[in-house]
Amino acid sequence: MTASPQPVEPFDLVIFGGTGDLAVRKLLPALFHRFLDGQIPAGSRIIGIAREALDDDGYRGSLRSALVEAGGAQAKVEEFLGQVGYRPLDARKDEGWDSFAALISEQPEHVRVFYLSTSPELFVDICNRLGSYGLNRGQSRVVLEKPIGRDLASANQINDAVGRVFDESQTFRIDHYLGKETVQNLLALRFGNALFEPLWNAGHIDHVQITVAETLGVGRRGAYYDRAGALRDMVQNHILQLLCMVAMEPPASLTPDAVRDEKLKVLRSLRPIDESNAAQFTVRGQYRAGAAEGQGVPGYLEELEGGKSHTETFVALKAEIENWRWAGVPFYLRTGKRLPERVSEIVVVFKAVPHSIFGASAGPLAQNRLVLRLQPDEGVKLWLTIKHPGPGGLRLRHVPLDMSFAEAFGVSQPDAYERLLLDVVRGNPTLFMRRDEVEAAWQWADPILAAWAASGEAPRPYTAGTWGPSAAVALIERDGRTWDEDSE
Ligand code: NAP
């Protein structure tokens, strides 16, 4: 029997940047799916905000095709759109804010969610106006999209400004990786089974790999990406959050602060990487022309209008957590654009058995691996050694116990944003980053960025459609290990 979803209270969800890519492609379809599951209470309102001069009907019209594509019957799409409205507003000008405030105040009892799906440069203006127009009343919350700053100083500026209007308990910093089914399942696997936790330490785990690989290049987002790069865009937030979920101590409960306290301890235990050791522990790459899905594709510099840049589109790192549980267990992290596959995976590689009783004819003994796949198809595989079936002597095979969630449960998995949006409405911040976590992550990332800048070196080139520069392979192979690329 499946558990029925918890109900939520009627709410007003205001999406600043309501006409943007994220809102149209992800947030509105996610809300629509929750509507189809009966989780948007009657009377709730979803209000898009942007500068474009649209009315309610014009906005609804701009969303229709994305919602139909999201899989709803036309009648359901229209019913959902009945709860959607629009207000043209400029975050930087007062015009229109009075009438917006009046609209929101029509429902004083509603939970209010202000989702800032705009460029972070607007966060401060929006929060200031939400404050000065008296909209932070009752059960209000603000959701901040990434990136929260481009270093510790700029993150602090944003967090200070938001904090002058909203309390920390009202502030939801979204990292959609934390809403993914597999990440939730990591908690269930680790703390809901007696099997894993006794082995989850340096005594039994050889190393951990986290890969977030994209096949796409930067395309039209080059101007934004060039100011960020792979470390800021992927490692400082998503990959470090995944690392925390793997490495944290068992929290005493699933209460938001219990989980976030444990994640924070991991971030604070990361061994610093700076000018003294960045060359040893990090590899930066930038793609040049190559192929993706059988088609020729341009290099990063050709996609950039400026044509010159030291921004990394690939990074591989060897991270270490300096505590009792993980002493001496490397966490190899890598992410990049224009890699051969779109895949996000955590691979926990256990130590080899201490002694083999099998002769050479049995074949090699592989190490057990637990593979948690976040995308494209979420699932978990546990690789075990078994005997090859049938006569012919004892020959060993390495095979996965394979649980694809879609197959195992016969349902399509909700998008991470579906879970996270409703968690905001419920006021549950467990899967959101607390301010001190963001700061600790920047405290680790800033010296790496500074070391790269000080070196003056360009990132190493790699051909689009390959797994990054050869130095990234050397990073792990000089430790006698290899990147996990054969988990199928
Ligand atoms: P986008 O497509 O450029 O959309 C920006 C939105 O902000 C538009 O609706 C724009 O509409 C509005 N806007 C711009 N200036 C405004 C102003 N002064 N006042 C009010 N509204 C204004 O950006 P996006 O891709 O949706 O990304 C939004 C945020 O989410 C960014 O912080 C991004 O880093 C983050 N994010 C995006 C993705 C993604 O997949 N797209 C993924 C993760 C995080 P008008 O120009 O009409 O005002």
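Segmentation of the protein into domains returns domain 1 (11-145) and domain 2 (178-413 + 434-477). Centre-to-centre, using C-alpha coordinates, domain 1 lies 34 Å away from domain 2.

All right, on to the packing of helix H6 (residues 152-163) against helix H15 (residues 435-455) then. Across the interface, H6 lies against H15 with an axial gap of 9 Å and an inter-helix angle of 165°. Judged by the inter-axis angle, H6 sits roughly antiparallel to H15. Where H6 crosses over H15, the handedness of that crossing is right-handed. Residue-level contacts link Leu152, Ala155, Asn156, Asn159 and Asp160 of H6 to Arg435, Val438, Glu439, Trp442, Gln443 and Asp446 of H15. Tallied by class, the residues present in the contact of H6 with H15 amount to 4 nonpolar, 3 polar and 4 charged.

Turning to the pattern of salt bridges, a few remarks are in order. In total, this model carries 35 salt bridges according to the counting rule given. Arg419 is paired through a salt bridge with Glu181; the nearest N and O atoms lie 2.8 Å apart. With a gap of 238 residues between them, Arg419 in helix H14 (residues 416-426) and Glu181 in helix H7 (residues 181-192) connect regions that are remote in the sequence. Take Glu181: its relative accessible area is 18%, and that puts it in the buried class. Here the salt bridges share partners, and the residues they tie into one network are Asp257, Arg260, Asp261, Arg434 and Asp436.

Right, let's talk about H15 for a bit. A rise of 1.5 Å per residue sets the reference length of H15, with its 21 residues, at 30 Å; its end C-alpha atoms lie 30 Å apart and thus fit the reference within 8%. At Ala445, H15 shows its strongest bend, of approximately 25°, with the proline Pro447 following within four residues. Taken together, the buried positions of H15 are occupied by Glu437, Val438, Glu439, Ala440, Ala441, Trp442, Trp444, Ala445, Ile448, Leu449, Ala451 and Trp452. Within two residues after H15, Gly456 carries a phi angle of roughly 70°, on the positive side.

So, about the site of the ligand. Surveying the vicinity of the ligand reveals 22 residues, the closest of which are Thr19, Asp21, Leu22, Arg25 and Arg51. Here an oxygen atom of the ligand and a backbone polar atom of Thr118 are 2.8 Å apart. Between Lys146 and the ligand, the recorded distance is 3.2 Å, taken from a backbone N or O atom to an oxygen atom. For the ligand, the accessible surface in isolation is 880 Å², of which the surrounding protein chains cover 78%. Its residues assigned to classes, the shell around the ligand comprises 7 nonpolar, 7 polar and 8 charged.

How each quantity is defined
- Residues numbered from 1 in each chain as written.
- Predicted model: local features only at pLDDT ≥ 70, side-chain atom pairs only at ≥ 80, totals over all residues.
- Heavy atoms only, no water.
- Domains from an automatic or database assignment.
- Axes fitted to C-alpha atoms, helices over the stretch in contact; angles between N-to-C directions.
- Helix = DSSP H or I, 4+ residues; strand = E, 2+ residues; numbered from the N terminus.
- Parallel < 35°, antiparallel > 145°, perpendicular 65-115°, else oblique.
- Left-handed = near helix turned anticlockwise from the far one by under 90°.
- Contact = heavy atoms within 4.5 Å.
- Nonpolar A, V, L, I, M, F, W, Y, C, P; charged D, E, K, R; others polar.
- Salt bridge = Lys/Arg side-chain N within 4 Å of Asp/Glu carboxyl O.
- Buried < 20%, exposed > 50% of the residue type's maximum accessible area, 1.4 Å probe, protein only.
- Expected span 1.5 Å × (residues − 1).
- Bend = angle between axes of the 7 residues up to and from the residue.
- Near = heavy atom within 4 Å.
- Polar contact = N/O pair within 3.5 Å; in protein donor to acceptor, adjacent residues only side chain to side chain.
- Areas by Shrake-Rupley, 256 points an atom, 1.4 Å probe, with all protein chains shown as cover.

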